[in-house]
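# Structure at a glance
Chain residues, written in single-letter form:
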Amino acid sequence: MKIFHTADWHLGKLVQGVYMTEDQRYILQQFMQAIDEEKPDVIIIAGDLYDRSMPPIEAVNLLNDILAEIVLDKKIPVLAVAGNHDSAGRLNFGSSLMRDSGLHIKGQFTKDHAPIIVADDFGDVHFHLVPYVEPSSVRTILEDDTIRSHQDAMQKIIDHIGQDLDPSKRHVFVGHAFVTKYGEEEANTSDSERPLSIGGSDCIDAALFKPFHYTALGHLHKAHFVLNEKIRYAGSPLKYSLSEHLHEKGFLIVELDAQGDITVTKRKLLPRRDLRIVEGLMDDLLALPPNEDYVFVRLTDTTPVASPMERIRTVFPHAMHIERKVMRPEILHEIQAVESEKVDDIDLFRSFFTDIIGVQPDQDTERLFTEMLQELLDEERETVK
């Protein structure tokens, strides 16, 4: 059986004030082309179909178009679960009506668990769909007061599934959770991954998934396996934050043989616009050829730069952010404090400049500082009058 494992589409995502819907449409068209080329038997979407519980209408229409084409036109079943960004209730609505068409969306966790069964030449494969769910909800649904953490909740869910697990069949787990090698705390792989727990551990031990031949996970945006090759995150199809700028985005092609052994291939997706960092002096950056990428700019200029975003966008029209590489946050804070107190001691400025740059300011820099400070003082006097 050939399975496409994807996750974390985050349709309707807003990055630095830019809606990514058209970029998402572009990347999902590549995904559709891959479906035509590879002809998978099943497509898994392991949570976070949307970026928020109430997505914009453009995102809803995009998901509707994609799922309708896969399920109704291409006749390929889609198995999806809700992630922590999704509205479980909204995704769950109408799911029973869509099953006959091959669209299986599990938005809400329930006590009555029945796998989705898909057959291939070797027999049935049981897919166990487990949406993101808070430990408190699992405690209530399973009527088990011992459940206090995400680890407890997943342990009880898998125990519950295991009661009816047919050992003669092949089993695939589809879930949305923060799974680590031994359940130890790890940092998220992306700034756009919302924490699952505040004030407690949200990590789950990968060893819990031993009963399954393959575990298809969503939540972490970097594609990787956990503990062994059978437990995998597909990652997101697009870069959604600066912390993801080095990620290689795509999806996984999983082939399941008669014995339940797997082979996994990653297929890359190429975005309409990359999200990356550019760094250098303003004059050097302005000399580069025009580029349409989403860029985060790090200026290395040691002197003030007028209208930096306006100038950068003459070369990078989709620039998202500009920062000064040489300015450490604590130094910036001190400079702002100095300005607010209207300190006019040039010696203090020289000290700051030396801490930041490593050399004493030259005469032109000192003159520029003095002029700027004088302008601020003049403006304040006019305001007082």
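Quick note: structure is the one above.
Every value quoted in this text rests on a predicted model; they were computed, and no experiment measured them.

## Quick look at the overall build of the protein chain
Scanning the protein chain from terminus to terminus reveals 11 helices and 19 strands. Looking at the protein chain as a whole, 46% of its 385 residues are labelled buried. Within the protein chain, residue pairs in contact and separated by at least 24 positions form 65% of the contacts whose partners lie at least 6 positions apart. Counting every atom, the protein chain has about 19200 Å² of accessible surface; 50% of that belongs to carbon and sulfur.

## Digging into unusual backbone geometry
One can expect most non-glycine residues to show negative phi and most peptide bonds to be in trans. Non-glycine residue Asp-8 carries a positive phi angle of around 55 degrees. Tracing the sequence through the fold places Asp-8 in the loop between strand 1 (2-6) and strand 2 (14-15). Phi at Gln-16 is positive, roughly 50 degrees, even though this residue is not glycine. Of note, Gln-16 is situated in the loop between strand 2 and strand 3 (18-19). Gln-16 gets classed as partly exposed once you look at its relative accessible area, which sits at 46%.

## Focus: the sheet that holds strand 1
What links the strands of a sheet is backbone hydrogen bonding, and the strands pair in either a parallel or an antiparallel sense. Spatial ordering of the open sheet is given by 6-5-4-1-15-16, a layout of six strands whose pairing is mixed. Edge positions in the open sheet fall to strand 6 (103-106) and strand 16 (262-268), since each of these has one partner strand only. In this sheet, adjacent strand axes meet at a mean angle of 20 degrees when their direction is disregarded. Relative to strand 6, strand 5 (residues 78-81) runs parallel, the two being bridged by four bridges. From the neighbouring strand, Val-81 faces strand 6, where its bridge partner is Lys-106.

## What about the packing of helix 1 (residues 21-38) against helix 2 (residues 57-73)?
In a pair of packed helices, the angle between the axes and the distance between the axes together describe the arrangement. Their axes nearest at 11 Å, the elements helix 1 and helix 2 cross at an angle of 5 degrees. Taken together, the axis directions place helix 1 and helix 2 in an arrangement best described as roughly parallel. Taken together, the residues of helix 2 that come into contact with helix 1 (itself represented by Thr-21, Gln-24, Arg-25, Leu-28, Gln-29, Phe-31, Met-32 and Ile-35) are Glu-58, Leu-62, Asp-65, Ile-66, Glu-69 and Ile-70. Considering only residue class, the contact of helix 1 with helix 2 consists of seven nonpolar, three polar and four charged.

## Examining the nonpolar core
Core analysis: the biggest nonpolar cluster contains 38 residues, and Phe-31 and Ile-70 have the highest contact counts within it. Elements represented by at least two residues in this core include exactly helix 1, strand 4 (42-46), helix 2, strand 5, strand 6, strand 15 (250-256) and strand 18 (294-299). Those residues in contact with Phe-31 that lie beyond four places of it in its chain are Phe-4, Thr-6, Trp-9, Ile-43, Ile-70, Phe-251 and Leu-269. Grouped together as the second largest cluster of nonpolar side chains are 26 residues, Leu-142, Ala-153, Met-154 and Ile-204 included.

The rules behind the values
- Residues numbered from 1 in each chain as written.
- Predicted model: local features only at pLDDT ≥ 70, side-chain atom pairs only at ≥ 80, totals over all residues.
- Heavy atoms only, no water.
- Helix = DSSP H or I, 4+ residues; strand = E, 2+ residues; numbered from the N terminus.
- Buried < 20%, exposed > 50% of the residue type's maximum accessible area, 1.4 Å probe, protein only.
- Contact = heavy atoms within 4.5 Å.
- Areas by Shrake-Rupley, 256 points an atom, 1.4 Å probe, with all protein chains shown as cover.
- Pairing = 2+ DSSP bridges.
- Axes fitted to C-alpha atoms, helices over the stretch in contact; angles between N-to-C directions.
- Parallel < 35°, antiparallel > 145°, perpendicular 65-115°, else oblique.
- Nonpolar A, V, L, I, M, F, W, Y, C, P; charged D, E, K, R; others polar.
- Core = buried A, V, L, I, M, F, W, Y, C linked by side-chain atoms within 4.5 Å.

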